Amino acid sequence: MTDLVTDKQSALEAIAGSETLDALEEQRVAALGKKGWVSLALKTLGQMSPEERQEAAPAIQAVRAEIAGAIEAKKADLEAAALEAQLASEKLDLTLPAPDSPKGSIHPVSQVMDELAEIFADLGFAVATGPEIEDDWHNFTALNMDESHPARAMHDTFYFPEEEGAADEASSSEAVGQQKRMLLRTHTSPVQIRSLKEQGAPIRIIAPGRVYRSDSDATHTPMFHQVEGLVIDRDIHLGHLKWTLETFFKAFFEREDISLRLRPSYFPFTEPSVEVDVGYSNEGNRRVVGGHGDDEGHDWMELGGSGMVNRRVLEFAGVDPDEYQGFAFGLGIDRIAMLKYGMNDLRAFFDGDPRWLSHYGFSPFDQPTLSAGVGARS
Amino acid sequence: MKFSTTWLKDHLQTDASLQEILDALNAIGLEVEGVEDPAELLKGFQVAHVLSAEKHPDADKLQVLKVDTGDGEPLQVVCGAPNARAGMKGVLGLPGAVVPSNGMELRKAAIRGVESTGMMCSARELDLGDDHDGIIELPEDASVGHSFADYQGSSPVMDVAITPNRPDCMGVYGIARDLAAAGLGTLKPIAFPKFEADGVCPVEIRTDDPEGCPAFYGRVIKGVKNGPSPDWLQQRLKSAGQRPISLLVDLTNYLMLAFGRPAHVYDLAKLSGAVVARRAKDGEEVLALNEKTYTLDPSMVVIADEHEVHDVAGIMGGENSGVQDDTTDVLLEIAYFDPPRIGVTGRKLGLASDARTRFERGVDPNFLQEGLDLLTGLIVELAGGTASEDVHAGSPPSEAKVVAFDTGLTARLGGVDVPADEQRRILESLDFAVSEDWQVTCPLRRHDIEGPADLVEEVVRIHGLDAVESVALPRMEGVARPTATPAQIMERKLRRAAAASGLHEAVTWSFLPDAEAEHFAPENTALWSLDNPISEDMKVMRPSLLPGLLMAAKRNADRGGPSTRAFELGRRYFRGSDGLSDERATLGVVLAGEKTPRGWATGKAQGFDAYDAKGIALELLAAAGAPAEKLMVMEPVAEGTGTQFHPGQAATLRLGPKKVLARFGMLHPATLKAFDLDGPVAAVEIFLDAIPAKKAASGFARASFTPPALQAVTRDFAFLVPEDLAASDLLRAVRGAEKNAITDGRIFDVFTGGSLPEGKKSLALEVTLQPQDKTFKDADLKAISDKVVAAAAKLGAELRG
């Protein structure tokens, strides 16, 4: 019995002193292997009398359990130390750059068009479209600008060559030829005519899109974007127009202190016609929309043209002007995008410079929603 | 239109301040585009009396003046002008004043050791003329102690934009009338200088074209003396931005600018025979006042004598009969021309003038006699001479439009409630005659009034648009309904999918240079090419989205940008069979430069390849809702791919053999050369109009699906196949071998060369087998494998050992 205690003592010391799993295994074999001293001690039990056995067995079993436990514990320690050493050897310099996944962007014009669609959808407006290569009739005549109308001169129109046979010196066939003369639409207003012809009244639409004028300087490009608005129904008047634009600007700029000023103006396709000014102030070299234009430090800025649709336009579009009336407006999309998001160079919109697009473009996940506010904050 | 407040007050009796006038102009639709105040410009310049002039002690050409500005002690001023002398009156610029001609601020300074407080000014220094030989000499009675601006009577000049419907406001008088109606003061009656008409007009005046020139009034004045205009006239013309020329010319301009009434004065000595308004003969020429020769046609109206054309009617006079300084006898012309014809003529000739602007918009048919008498009176008063009696050929339109007006319309259309008597007052103040029962007779000059809506506009603009209150549009009940069309929904998704896959959205011009457009034009297709492009670079409507993106990529590369990943969603423009526009929604992608830059983990920089393009094409087609699993990749240079792409590294994606949804791949070196790009460049073009629309009626619920309970197993096969066998063909055959079991097939290795026989390649596939209601037994798997091998064998594939 004394041997067992001594052996156990030295075995536990040896186990504790094992520095590798192999050394530990040697200790296991020496103690618990087939010929190990614990195993041999267990075998002696067979030769013992039942009384002796009853006394010795628990002691030997206890030693066996103690040794096995010590080995397990040591094994776990050694394994943990080995893993730790391995992990330590796997250390990375995580200040090195991760692989880049390229970031794309949505162009401000598209983003703002989506914002427009979202805001106006809430007011019951659908989005309508029409061709950019238009005929003279839809772009001018049906909008109450016949061939001799002086307002045509204000449009700087891009024309396509007259088709053979269409042009003629005699005035009557000249008129017919002119109706079909193809041009780049100078405004989105022809969509009014097309939409009314197609679906009639009542109607609520906006028509965003490209328009073209032969004009190029610091603030004008020969192609730009406009949005047309059209509401035709019974009992629609200028007050509704004012509310609609006010409501739109409040939602678009996400501020309540929007004030509009209507000024009488002239467009052949509306009567009465009004220019829409919005109050703004200067912050640094930026114009910030908001506040009353007559207040200290504020002024008015022209944002678009509008008015009550001229009854002749309704007639051209096949709508009974004695039953229906309504308003139309036009706004520059690039312009309101610049005002909202702080771009100052219109020409850069159309350059496709990745640096500009990364800076001023929008994340694809900035999808305008009413609940989150249609604007994408910087 | 530019005019001074002094001029405005010739016609408007008012105490309103400048700001009140400007606000009123804006409020009634006469938009103020600018104001210039000469008093601001001439601040610090005073009327001054030179008390003494002594020689400068140290300079021969300088004098030392003592100058009185009426403000205490006389000032000492050094002056080099030869005409400076004691007793004269002139203009002194005080320290702090800014010289208008050069922007220099005057300071107190010592000139050759003598202190000088300010500067005596020449006309040129004050931008008042070209005279710089000496300082300005003011008359004896000029009163010292006033600012020079006050003395000069110069007043603020406003620039007002007149809309094309208001030719009646293209004269100061008309603007005064509108302001008076708006309550800014009282319109003064026109002052007609008196003259005696003596004898019949010696020249026969006719109109042979009553349609183009319904009325031609005239008279002769003999014995006039032309010369410079008086100051008041010069000042008015200058405020309008016009250069005074001579009395006779200035007076016609004055009539036009003050009353919107163009007129013409001929030198009688240059005319022979009757003076007639008629149509031009085909090819007839006229040398106009702008010294250019115009060739006319019979649609144009001219004024001619028996020899030649002297006037493109209503647009510009002729050089040969214009008045000169020595002109003594003149013929005055006041006519009425058909407005549309003037516009057409002006556009045909490309000739603009102040007269045309007024005639084509419509002058007042009721102001011919007054205009003629006013011009005659002014000429006789200022240039002398004897006027003949007037002659009238034809008569101007005289039938006034009568509009039945319902005052309630002002509220119904204009959204503002204006009492009926106020509406009456406004209309009458604008010279509309309003009967008891609201029959409104319009003044003849208001060509713009077509019906009741125009009267609403008159009432509302004078009453004030500020009075229009916002009224909410009626709303549908409940939550707003969706309004976007399937095409709009698809485009929105596609844009965001493209941006999410790492592409920047660009917006490029719809028009291209000819060569770049033609390079991408489909064969035998005539493109839309502008008649009047703004430049040759913006001439032809794009037949593809790629040229614009390639040009952007080129600009980016030139700026040193390492890579371009750009897309654009927009229209391509073609000609429809009906001659109208056929505009097709398209998405273009260009991948140029580096796909990955050199990196510590990835090594050298890598460019884009055709598989990048394919990946994007498939991803975006899926986002657009195209049935990606049904798409076929078709051989390169097949119809639809186009010659712009690499013949071996480009393909189309089709739905069925004909319907091309997209093309993708590497661009042809010739394309890169045409766009001056260093390659390789990958591109994608997706034809959105070809993508079948999702059925709008389909609901929200998906087809029902439960993930299979049994585990799928995979089997690998390696086949030796002919080198030109398309991988997709083998894949399709294998997947079709046992449709119930095979749910996926994937090529994981492609190998050529090595020990493989000539003309062969090895394709290795992983096939996924999905057991349905019971697990596969070895025999099942064997049977499926045999079917796979057999199906592949039909394509010439042998299983490798």
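Reading guide: rules and limits
Residues numbered from 1 in each chain as written. Chains lettered and ligands numbered in written order. Predicted model: local features only at pLDDT ≥ 70, side-chain atom pairs only at ≥ 80, totals over all residues. Helix = DSSP H or I, 4+ residues; strand = E, 2+ residues; numbered from the N terminus. Rg over C-alpha atoms; globule rule 2.2 N^0.38 Å. Buried ≥ 20, exposed ≤ 12 C-beta atoms within 10 Å, placed from the backbone. Contact = placed C-beta atoms within 7 Å. Core = buried A, V, L, I, M, F, W, Y, C linked by C-beta atoms within 7 Å. Axes fitted to C-alpha atoms, helices over the stretch in contact; angles between N-to-C directions. Parallel < 35°, antiparallel > 145°, perpendicular 65-115°, else oblique. Nonpolar A, V, L, I, M, F, W, Y, C, P; charged D, E, K, R; others polar. Pairing = 2+ DSSP bridges. pLDDT = per-residue confidence, 0-100. Arc of directions from axis to C-beta.

A. Region of interest: the overall build of chain A. Tallying secondary structure elements over chain A gives 12 helices and 10 strands in all. The C-alpha atoms of chain A give 43 Å as radius of gyration, which overshoots the globular expectation for 378 residues (21 Å, by more than 25%). Viewed in the frame of its principal axes, chain A has a C-alpha envelope of about 135 × 55 × 45 Å. Here chain A holds 378 residues, and the buried ones make up 44% of them. Long-range pairs, those at least 24 residues apart, make up 68% of the contacts in chain A with a sequence separation of at least 6.

B. Region of the structure containing the nonpolar core. Grouped together as the largest cluster of nonpolar side chains are 176 residues, with contacts concentrated most on B:Leu248, B:Val302, B:Val312, B:Ala313, B:Val330 and B:Ala335. Broken down by element, the residue count for this core peaks at 10 residues, all from helix H7 (residues 247-259) of chain B. Among all residues touching B:Val330, those that are not within four sequence positions of it are B:Val220, B:Ile221, B:Val224, B:Leu248, B:Val265, B:Tyr266, B:Asp267, B:Leu268 and B:Val323. In this structure, A:Tyr360, B:Leu545, B:Leu587 and B:Ile686 belong to the second largest nonpolar core, which totals 79 residues.

C. Region of interest: the packing of helix H12 (residues 420-429) of chain B against helix H13 (residues 452-463) of chain B. Residue and element names in this part refer to chain B. At a closest axis distance of 9 Å, the pairing of H12 and H13 adopts a crossing angle of 95°. In this view, H12 runs roughly perpendicular relative to H13, as classed from their interaxial angle. Taken together, the residues of H13 that come into contact with H12 (itself represented by Glu422, Gln423, Ile426 and Leu427) are Leu455, Glu458, Val459, Ile462 and His463. Across the contact of H12 with H13, the residue classes tally to 5 nonpolar, 2 polar and 2 charged.

D. Region of the structure containing the sheet that holds strand E40 (residues 760-769) of chain B. Residues and elements named next belong to chain B. Here we have 4 strands laid out as an open sheet, ordered E39-E40-E38-E41, and antiparallel in their pairing. Of all strands in the sheet, those with a lone pairing partner are strand E39 (742-752) and strand E41 (798-799), marking the two edges. Of the strands in this sheet, strand E38 (713-722), E39 and E40 are in contact with helix H19 (residues 727-735), which crosses E39 at around 145°. Each of E38, E40 and E41 is contacted by helix H20 (residues 778-793), which is oriented at about 25° to E38, the strand it contacts most.

E. Quick peek at unusual backbone geometry. The linkage connecting A:Glu271 with the following residue, A:Pro272, adopts the cis geometry, with an omega of -5°. Turning to its location among the elements, A:Pro272 is positioned in strand E7 (residues 270-283). Going from B:Gly679 to B:Pro680, the amide bond is cis rather than trans, its omega being -10°. In this structure, B:Pro680 sits in the loop between helix H18 (669-674) and strand E37 (681-687). Despite not being glycine, B:Asp676 shows a phi value in the positive range, around 60°.

F. Focus on the confidence of the model for chain A. Of all residues in chain A, 95% attain a pLDDT of 70 or more, and the chain-wide mean is 90. Per-residue pLDDT stays below 50 along residues 165-177 of chain A; that stretch engages in 10 contacts with residues further than four places along the chain or on separate chains.

G. Representation of the interface of chain A and chain B. Contacts between chain A and chain B engage 68 residues on the former and 76 residues on the latter. Among the secondary structure elements, those contributing two or more residues to the side of chain A that touches chain B are helix H5 (108-122), strand E1 (126-127), strand E5 (223-233), helix H9 (238-253), strand E6 (260-267), E7 and helix H12 (354-360) of chain A. Residues that form the side of chain A that touches chain B fall into these classes: 35 nonpolar, 20 polar and 13 charged.

H. Here's a closer look at the pairing of E5(A). All names here are of chain A. With 9 of 11 residues buried, E5 lies mostly within the body of the structure. Taken together, the 10 bridges between strand E4 (residues 203-212) and E5 define a ladder with antiparallel strand orientation. For Arg210, the partnering residue across the bridge sits in E5 and is His225. Where E5 meets strand E10 (residues 325-332), 8 bridges bridge the pair, whose relative direction is antiparallel. Looking at the pairing, Glu228 lines up with Gly330 of E10.

I. Expanded view of the pairing of strand E11 (residues 157-161) of chain B. Residue and element names in this part refer to chain B. For strand E1 (residues 2-4) and E11, the ladder comprises 3 bridges, and the chain directions are antiparallel. Each bridged residue has a counterpart across the sheet, and for Phe3 the counterpart in E11 is Met158. Two strands pair when backbone bridges link them, and strand E3 (residues 31-36) and E11 are joined in this way by 5 bridges, in the antiparallel orientation. Considered in E11, the bridge of Glu36 is made with Val157.

J. Here's a closer look at the sheet that holds strand E21 (residues 316-317) of chain B. All names here are of chain B. Taken in spatial order, the 5 strands of this open sheet run E13-E16-E19-E20-E21, and their pairing is mixed. Pairing within the sheet leaves two strands with one partner each, and these edge strands are strand E13 (205-207) and E21. Bridging between strand E19 (residues 301-304) and strand E20 (residues 309-312) involves 3 bridges; their strand directions are antiparallel. The residue of E20 that forms the bridge with Ile303 is Asp311.

K. Structural context of helix H8 (residues 339-349) of chain B. All names here are of chain B. All of the buried residues in H8 are Pro339, Arg341, Ile342, Gly343, Thr345, Gly346 and Leu349. On its buried face, H8 sits against strand E18 (293-295), E19, E20 and helix H9 (354-361). Note on H8: the residue one or two positions beyond its end, Gly350, has a positive phi of about 60°.

L. A look at the environment of A:Lys103. Residues and elements named next belong to chain A. One can find Lys103 in the loop between helix H4 (50-89) and H5. On the basis of neighbour count, Lys103 is assigned to the partly exposed category, with 15 C-beta atoms found within 10 Å. Here the alpha-carbon distance between Lys103 and Ser363, two residues 260 residues apart in the chain, equals 8.3 Å.

M. Focus on the packing of helix H2 (residues 21-32) of chain A against H4(A). Residues and elements named next belong to chain A. Two numbers describe how H2 lies on H4: the axes approach to 10 Å, and their chain directions differ by 170°. Our classification of the angle between H2 and H4 gives roughly antiparallel. Between H2 and H4, the residues in contact are Leu21, Leu24, Gln27, Arg28, Ala31 and Leu32 and Arg64, Ile67, Ala68, Ile71, Lys74, Lys75 and Leu78, respectively. For the contact of H2 with H4, the per-class residue count stands at 8 nonpolar, 1 polar and 4 charged.

N. Fine view of the confidence of the model for chain B. Here chain B averages 92 in pLDDT, while 99% of its residues score no lower than 70. Interface scoring of the predicted complex returns ipTM 0.89; its pTM is 0.87.

O. How the structure looks around helix H6 (residues 231-239) of chain B. Residue and element names in this part refer to chain B. Of all the residues in H6, the buried ones are Arg236, Leu237 and Ser239. Looking down the long axis of H6, one finds its buried residues gathered within 160° of arc, a one-sided arrangement. Residues of H6 that are buried in the fold lie against E1, helix H1 (5-11), E11 and H7. One or two residues past the end of H6 sits Gly241, with phi positive at roughly 85°.

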